[in-house]
Amino acid sequence: MTRLRWWFRIVGAFYLLLALMNLYVMFFTDGQAVLAGSPFPVNALTVRVATDYWSASAFGLLGAGLFLLWAARAPERYVNVARYAAWLELTTWGAYDVFALARGYDPASYGAFGVIHLIIIVTGFWFARPA
């Protein structure tokens, strides 16, 4: 359970970090960072639309990060949460990385995030298995 507890803590903290960074960009900047590395022309309207759509991801990361940190208190009770989070990583963030790369977005950043998401997926399933 120690590995699963630390997995909840690390992934939860990572999600919170991403959420806070995204919320900062959404509320305290002009939002340009949301479309950094875009292969498409960007103007003020596209930034506004992208930021509005991206907000669901930021709020979702905030909720998931808080819940994973809460689940770390009793990982034996929340083993299926780790499995669910790993499936969500695969079907949401992992799929999004592949989609973004196929659409021509920055391969360095999406490739790096793809590796991080793959690590979260594999370790989530691996650490939940013995439990």
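Rules used in this analysis
Residues numbered from 1 in each chain as written. Predicted model: local features only at pLDDT ≥ 70, side-chain atom pairs only at ≥ 80, totals over all residues. Heavy atoms only, no water. Helix = DSSP H or I, 4+ residues; strand = E, 2+ residues; numbered from the N terminus. Expected span 1.5 Å × (residues − 1). Bend = angle between axes of the 7 residues up to and from the residue. Buried < 20%, exposed > 50% of the residue type's maximum accessible area, 1.4 Å probe, protein only. Contact = heavy atoms within 4.5 Å. Salt bridge = Lys/Arg side-chain N within 4 Å of Asp/Glu carboxyl O. 1 Å grid on protein atoms, 1.4 Å probe; cavity = no way out; pocket = protein on both sides within 12 Å on 5 of 7 lines; lining within 4 Å. Points joined across faces, edges and corners; volume = space filled by probe spheres on them. Nonpolar A, V, L, I, M, F, W, Y, C, P; charged D, E, K, R; others polar. Axes fitted to C-alpha atoms, helices over the stretch in contact; angles between N-to-C directions. Parallel < 35°, antiparallel > 145°, perpendicular 65-115°, else oblique. Left-handed = near helix turned anticlockwise from the far one by under 90°.

Q: An account of helix H3 (residues 79-102) is requested, with residue identities and associated values reported.
A: Taking 1.5 Å per residue as the helical rise, H3 with its 24 residues ought to reach 34 Å, and the 34 Å between its terminal C-alpha atoms agrees with that figure. Glu89 marks where H3 bends most, by close to 35 degrees. Looking only at H3, the buried set comprises Val79, Val81, Ala82, Ala85, Ala86, Glu89, Trp93, Gly94, Asp97 and Ala100. Turning to H3, the residues buried within the fold contact helix H1 (2-28), helix H2 (44-71) and helix H4 (107-128). Backbone geometry just after H3 places Gly104 at a positive phi near 100 degrees.

Q: Can you explain the pattern of salt bridges? Please cite residues and give values.
A: Inspection of the entire model under this criterion finds one salt bridge. Between Asp52 and Arg48 there is a salt bridge; the shortest N-O distance is 3.9 Å. Taken together, the positions of Asp52 and Arg48, both in helix H2 and four residues apart, correspond to about one turn of that helix. A relative accessible area of 57% means that Arg48 is categorised as exposed.

Q: Could you give an account of H2, naming the residues involved and the relevant values?
A: Here H2 contains 28 residues, and its C-alpha end-to-end distance of 40 Å stays within 8% of the 40 Å for a straight helix at 1.5 Å per residue. The largest bend along H2 reaches roughly 30 degrees and is located at Trp54. Where H2 is concerned, the buried positions are Val47, Ala50, Thr51, Ser55, Ala58, Leu61, Gly65, Leu68 and Ala71.

Q: Break down the layout of surface pockets for me, with residues and values.
A: Of the voids in this model, the largest pocket is the one considered here, and its volume is about 760 Å³. Residue lining of the largest pocket: 25 residues in total, with Asn22, Val34, Trp54, Tyr96 and Tyr110 positioned closest to the centre. Elements that contribute at least two residues to the lining of the largest pocket include exactly H1, H2, H3 and H4. The element best represented in the lining of the largest pocket is H3, accounting for five residues. A breakdown of the residues in the lining of the largest pocket according to their chemical character gives 18 nonpolar, four polar and three charged. The computed volume of the second largest pocket comes to approximately 250 Å³. Forming the walls of the second largest pocket are 15 residues, and the residues nearest its centre are Tyr15, Gly60, Ala64, Leu88 and Trp93. Contributing elements (two or more residues each) for the lining of the second largest pocket: H2 and H3. Along the lines of polarity and charge, the residues of the lining of the second largest pocket split into eleven nonpolar, three polar and one charged.

Q: Which residues make up the packing of H1 against H3, and what are the values?
A: Contact pair H1 / H3: the axes reach a minimum separation of 11 Å and the direction vectors enclose 45 degrees. The pairing of H1 with H3 is recorded here as oblique in orientation. The element H1 and its partner H3 pack so that their crossing is left-handed. Seen from H1, the contacting residues are Leu4, Trp7, Phe8 and Tyr15; seen from H3, they are Val79, Val81, Ala82, Ala85 and Glu89. Within the contact of H1 with H3, the residues separate by chemical class into eight nonpolar, no polar and one charged.

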